[in-house]
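Descriptive analysis of the structure
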Amino acid sequence: MTRTLSVSAVQFEIEEISSFDDFGHAATLAVESTDTQVVMFPELTTLGLASIHPGWRDEDPAVSFARIPEYTDRYRSMFAELAKKRDQVIVGGSHLVSDGPGRLLNIGHVFFPDGRLLTHTKTHIFPGERAWNTFEGDTVQTFTVDGTTVGFLICYEAEVPEISTILTRAGAEVLLVPSYTFYESGFHRVRKTLAARCIENQVYAMHCSTYSVGTASLAPAWANSSALAPCDVGMPVDGVLAEAPQNVPTVLSNTFDLDLLEQVRSSGVAPTLHDRARKQAMYADYAHLLWPSTDAIA
């Protein structure tokens, strides 16, 4: 029997709303339209909650976004109940959480049907996030869905090769990547570097992007979610397994063939996962260049 993992990426729209219930209704409808093992929402999927407060349009984004953590309990409760009811693993995108006065963390949430909650604090925040008083985490981890090891990283982390390497070496076969990119150029940075991560680590990825036309402090977002694979025998020549239409709220679903991935890893044309490990001694000789001090690159 072929081993598979089915994932749905919700290309969710960030828009002005009047209550948490507006957000909850839209998110619930999206989940209910799927029948996959995993349902994933994009990065900062709750950003629209900033628009509930009167006068938000005239505020600095840092002020508006600082109120989003007020909805953390409702956000977690809603997705926890949905995961249990639907018997699906739900990646609730990411949500801004308070880390003390004047500090926010961009935290990804994974809700399991049995009530477990796994969180991941974005380790490399995009420079634009710093203006919101957002700070970084320092931990990455994998989790398991029906026997498949999954890695979780958020947007800009896809542009940092070390993160995907760590997750893959920890056993990840599929990377789940929610993202929010303000412009088309930013979208392509994430999409194309994520495609590179798939090739160099011989791993699948599901890229789930946020859509927004942009209103006041709710920045525009370019969306074109996709399921990606290493470019090798049995895989699509361009590595694209499935792709959502651009800038349209929708749900993209794909079933990843894990037996095929194992075959590519063991006997594919480009054994990058093995060869990168094989040359560790050489890399160690250049560690000062691979990981220079921040002073050396300032």
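This section reports on the structure supplied with the text. Sequence order as written defines the numbering, with residues in each chain counted from 1. A pLDDT threshold of at least 70 governs which residues receive local features in this predicted model, and a stricter bar of 80 or more applies before side-chain atom pairs are shown or counted, although totals over entire chains, interfaces and linings include all residues. Computation of side-chain values covers all heavy atoms of the structure but excludes hydrogens and water.

Digging into the packing of aromatic side chains
Paired rings are identified among Phe, Tyr and Trp, the last through its six-membered ring, by centres lying within 6.5 Å, and are further divided according to the angle between planes into stacked (under 30 degrees), edge-to-face (over 60) and tilted (the rest). One pass over the full model with this rule turns up 15 aromatic pairs. Ring plane angle 85° and centroid distance 6.5 Å describe the contact between phenylalanine 182 and tyrosine 183, whose orientation is recorded as edge-to-face. With a 1.4 Å probe rolled over the protein chains alone, any residue whose accessible area is under 20% of its type maximum counts as buried; one over 50% counts as exposed, and the rest are partly exposed. Overall, the relative accessible area of 26% leaves phenylalanine 182 in the partly exposed class. Given the relative accessible area of 56%, tyrosine 183 is considered exposed. The rings of Phe12, Phe20, Phe23, Phe41, Tyr71, Tyr75, Phe79 and Phe111 are connected pair by pair, giving a single aromatic cluster. Consider the ring centre and the ring normal. A charge sits over the ring if Lys NZ or Arg CZ is within 6 Å of that centre and within 35 degrees of that normal. A cation over a ring is seen here: arginine 116 above phenylalanine 112, with NZ or CZ 4.0 Å from the ring centre.

Details of the packing of helix α4 (residues 161-169) against helix α5 (residues 184-201)
In this analysis, axes come from line fits to C-alpha atoms, helices being fitted only over the stretch in contact, and the angle between any two N-to-C directions falls in the range 0 to 180 degrees. Think of it this way: any DSSP run of H or I at least four residues long counts as a helix, any run of E at least two long counts as a strand, and we number them from the N terminus. Contact pair α4 / α5: the axes reach a minimum separation of 10 Å and the direction vectors enclose 40°. Considering the angle they form, α4 stands oblique to α5. For the element pair α4 and α5, the recorded crossing hand is right-handed. Touching Pro161, Ser164, Thr165 and Thr168 of α4 are Arg197, Glu200 and Asn201, all from α5. Following the grouping adopted for this structure description, the nonpolar residues are Ala, Val, Leu, Ile, Met, Phe, Trp, Tyr, Cys and Pro, the charged ones are Asp, Glu, Lys and Arg, and the polar ones are all others, Gly among them. Within the contact of α4 with α5, the residues separate by chemical class into one nonpolar, four polar and two charged. In these notes the angle categories are as follows: under 35 degrees is roughly parallel, over 145 is roughly antiparallel, 65 to 115 is roughly perpendicular, and the rest is oblique. Here is the rule for handedness: rotate from the far helix to the near one, and if that takes an anticlockwise turn smaller than a right angle the crossing is left-handed, while a clockwise turn gives right-handed. By the convention used here, residues are in contact when the closest approach between their heavy atoms is within 4.5 Å.

Quick notes on the packing of helix α1 (residues 20-32) against helix α3 (residues 72-86)
Put simply, α1 and α3 touch, their axes get as near as 11 Å, and they point 25° apart. In terms of axis orientation, α1 runs roughly parallel to α3. Read as a crossing pair, α1 and α3 show a hand that is right-handed. On the side of α1, the interface is formed by Phe20, Asp21, Phe23, Gly24, Ala27, Thr28, Val31 and Glu32, while α3 contributes Arg74, Tyr75, Met78, Phe79, Leu82, Lys85 and Arg86. Along the lines of polarity and charge, the residues of the contact of α1 with α3 split into eight nonpolar, two polar and five charged.

Digging into a nonpolar patch on the surface
Taken together, the side chains of Met282, Tyr286, Leu289, Leu290 and Trp291 define a hydrophobic patch exposed on the protein surface, amounting to about 560 Å² of accessible area. With respect to the secondary-structure elements, methionine 282 resides in helix α8 (residues 280-285). When its relative accessible area of 37% is taken as the criterion, methionine 282 is described as partly exposed. Patches were defined on residues exceeding 30% relative accessible area and lacking a salt bridge, with like-charge contacts within 9 Å and nonpolar side-chain contacts (Val, Leu, Ile, Met, Phe, Trp, Tyr) within 5 Å. All accessible areas in this document rest on Shrake-Rupley with a 1.4 Å probe, and a residue is counted as covered only by the protein chains that are shown. Criterion for a salt bridge: a side-chain nitrogen of Lys or Arg within 4 Å of a carboxyl oxygen of Asp or Glu.

Digging into α5
For a helix, the expected span equals 1.5 Å multiplied by the residue count minus one. Here α5 is 18 residues long and its end C-alpha atoms lie 26 Å apart, about the 26 Å a rise of 1.5 Å per residue gives. Turning to α5, its buried residues number three or more, namely Gly186, Phe187, Val190, Arg191, Leu194, Arg197, Cys198, Glu200 and Asn201. With its phi angle positive at about 50°, glutamine 202 sits one or two positions after the end of α5.

Looking at the state of the cysteines
Cysteine sulfur atoms are paired as a disulfide whenever they come within 2.5 Å of each other. Inspection of every chain in the model, using the stated rule, returns zero disulfides. Cysteine 198 takes part in no disulfide bond, and the closest cysteine sulfur to it belongs to cysteine 231, at a distance of 8.6 Å. Judged by relative accessible area, which is 0%, cysteine 198 ranks as buried. A residue is classified by how much of its surface remains accessible, and cysteine 231, at 38% relative accessible area, is partly exposed.

Examining the sheet that holds strand β11 (residues 226-228)
At least two bridges found by DSSP between two strands is the condition for calling them paired. Strands sit in the order β7-β8-β9-β10-β11-β12 across an open sheet of six strands; the sheet is mixed. Taken across any chain shown, the strands that pair with only one partner, and hence form the sheet edges, are β7 (142-145) and β12 (240-243). When strand polarity is set aside, the average angle formed by the axes of neighbouring strands in this sheet is 20°. Bridge analysis of β11 against β12 gives three bridges, and the strand direction is antiparallel.

Section: the environment of phenylalanine 152
Mapped onto the fold, phenylalanine 152 is located in strand β8 (residues 148-152). Phenylalanine 152 gets classed as buried once you look at its relative accessible area, which sits at 1%. For phenylalanine 152 and leucine 175, which are 23 residues apart along the polypeptide, the C-alpha to C-alpha distance reads 5.8 Å. Once residues within four sequence positions are removed from consideration, phenylalanine 152 is found in contact with Val91, Gly93, Gly108, His109, Val110, His120, Gln141, Phe143, Leu167, Leu176 and Pro178.

A word on unusual backbone geometry
It is generally the case that most residues other than glycine have a negative phi and that most peptide bonds are trans. With a phi close to 55°, aspartate 87 is a non-glycine residue in the positive phi region. Here aspartate 87 shows up in the loop between α3 and β3 (89-98). Aspartate 87 sits in the exposed class, given a relative accessible area of 60%. One non-glycine residue, asparagine 247, adopts positive backbone phi at about 50°. Turning to its location among the elements, asparagine 247 is positioned in the loop between β12 and β13 (250-257).

Quick word on the pattern of salt bridges
Overall, the coordinates contain 14 salt bridges when judged by the stated rule. When the shortest N-O distance is used, the salt bridge between glutamate 173 and arginine 3 registers 2.7 Å. Of this pair, glutamate 173 sits in the loop between α4 and β9 (174-179) while arginine 3 sits in the segment before β1 (4-11), and the two are 170 residues apart along the sequence. Residue class for glutamate 173 comes out buried when judged on its relative accessible area of 11%. Between arginine 116 and aspartate 114 there is a salt bridge, with the nearest N and O atoms lying 2.9 Å from each other. Exposure remark for arginine 116: the relative accessible area of 45% places this residue in the partly exposed category.

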